[in-house]
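Understanding the architecture of this molecule
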Amino acid sequence: MRMSQDLAYAARLLLDAERIVVFTGAGISTESGIPDFRGTDGIWTKLSPEDFQLDRYMRDPKARIRAWQTRFPKMFGNAQPNAAHEAVVDLWKAGKLLGCVTQNIDGLHQAAGLPQELMAELHGNSDGIACLQCGKQYEPDAIEARWIDGDLDPHCDDCGGILKSTIVFFGEVLPRAELLRAEQWAHEADAVISIGSSLSVYPAAYIPLEIASRGEVFIIINNSPTDLDSLASLRLDGMAGTVFPQLVGAITAG
Ligand code: APR
């Protein structure tokens, strides 16, 4: 009963919103089989975040070898978008989505049908591989083939530099165009819905914070407390794949 009261209240708060920013974290993809970072069984309970610090990656071949082992083969297996990703597309088709700012690198929002121009991938994505020295771009499949053949710490053919996926590591600058787009949307939004994020990592979490600080509606959908619960209009405690489609249905129904 409680959930439906909260859901009805969230829907009422969002009813007049027409420029909604959806902010997503790893929790929107766990129902697609991709683990999150800080939830129970999260990635940081198995791997060390230190291996994903840029300076450590540059300095330590063993850290690079461990990082590539999380990337190949097939980083996300055959993960498919779930009902929550599809509900973001429904919000867009209802003309209420200003943009989707994601911390995720799994590409599931685009796989669900969201156009790239409505995306801001703050932490990069797993689509590219580049040389850190000369910037030469590589096709991931080509580097995966080298990795499978035993090249566990691939270097650049041209300059011998270290290769790295276009995933943003800790200590690395966020992609400028993505951050600017997200900040532009944060100034224009009339509501923000955070889905499946602990809201504990900056500068990404500044995006919902900026919208909330302008007094706009800030809804959190998460199955555990987040760092920004105290600033939210409301936190809907539940599974993204269940709660968000219900909320989108309530605010787009006729
Ligand atoms: N439905 C709702 N909430 C969920 C679900 C689900 N199906 N699955 C997990 N969650 C919640 C978890 O309880 C957790 O609070 O989603 C949240 C995910 O938080 P994090 O694991 O911290 O992920 P995220 O917020 O995306 O992390 C931000 O930290 O490690 C870096 O770069 C990495 O982009 C990542 C950033």
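These notes cover the structure that comes with them. For clarity, every value in this text was computed on a predicted model and none was experimentally measured.

Here's the deal with the site of the ligand
Taken together, the neighbourhood of the ligand is formed by 23 residues, with Phe37, Arg38, Ser197, Ser198 and Asn223 sitting nearest. Arg38 is positioned with one of its side-chain polar atoms (N or O) 2.6 Å from an oxygen atom of the ligand. In isolation the ligand exposes 730 Å². Once the protein is present, 94% of that is buried. Among the domains, domain 1 (1–34 + 81–124 + 173–254) and domain 2 (38–75 + 128–165) are the pair contributing at least three residues each to the shell around the ligand.

Points about the nonpolar core
Of all hydrophobic cores here, the largest spans 33 residues; its most connected members are Leu14, Ile20, Ile193, Ile219, Leu236, Phe244 and Leu247. Every element with two or more residues in this core is listed here: helix H1 (2–14), strand S1 (20–24), helix H4 (83–93), strand S2 (97–102), strand S7 (191–195), strand S8 (217–222), strand S9 (234–237) and helix H9 (240–252). With residues near it in sequence (within four places) discarded, Ile20 still touches Leu14, Leu91, Lys96, Leu97, Leu98, Gly99, Asp190, Ala191, Ile193 and Ile251. By size, the runner-up hydrophobic cluster in this structure holds 23 residues, among which are Val21, Leu122, Val168 and Ala189.

Quick look at the packing of aromatic side chains
Enumeration according to the criterion identifies eight aromatic pairs in this entry. Through pairs of rings, three or more aromatic residues link up here, namely Phe37, Trp44, Phe52, Tyr57, Phe169 and Phe170. When the ring centre of Phe169 is taken as origin, the NZ or CZ atom of Lys164, which lies over that ring, is 4.4 Å away.

The rules behind these values
- Residues numbered from 1 in each chain as written.
- Predicted model: local features only at pLDDT ≥ 70, side-chain atom pairs only at ≥ 80, totals over all residues.
- Heavy atoms only, no water.
- Near = heavy atom within 4 Å.
- Polar contact = N/O pair within 3.5 Å; in protein donor to acceptor, adjacent residues only side chain to side chain.
- Areas by Shrake-Rupley, 256 points an atom, 1.4 Å probe, with all protein chains shown as cover.
- Domains from an automatic or database assignment.
- Core = buried A, V, L, I, M, F, W, Y, C linked by side-chain atoms within 4.5 Å.
- Buried < 20%, exposed > 50% of the residue type's maximum accessible area, 1.4 Å probe, protein only.
- Helix = DSSP H or I, 4+ residues; strand = E, 2+ residues; numbered from the N terminus.
- Contact = heavy atoms within 4.5 Å.
- Phe/Tyr/Trp six-rings, centres within 6.5 Å; stacked < 30°, edge-to-face > 60°.
- Lys NZ or Arg CZ within 6 Å of the ring centre and 35° of its normal.

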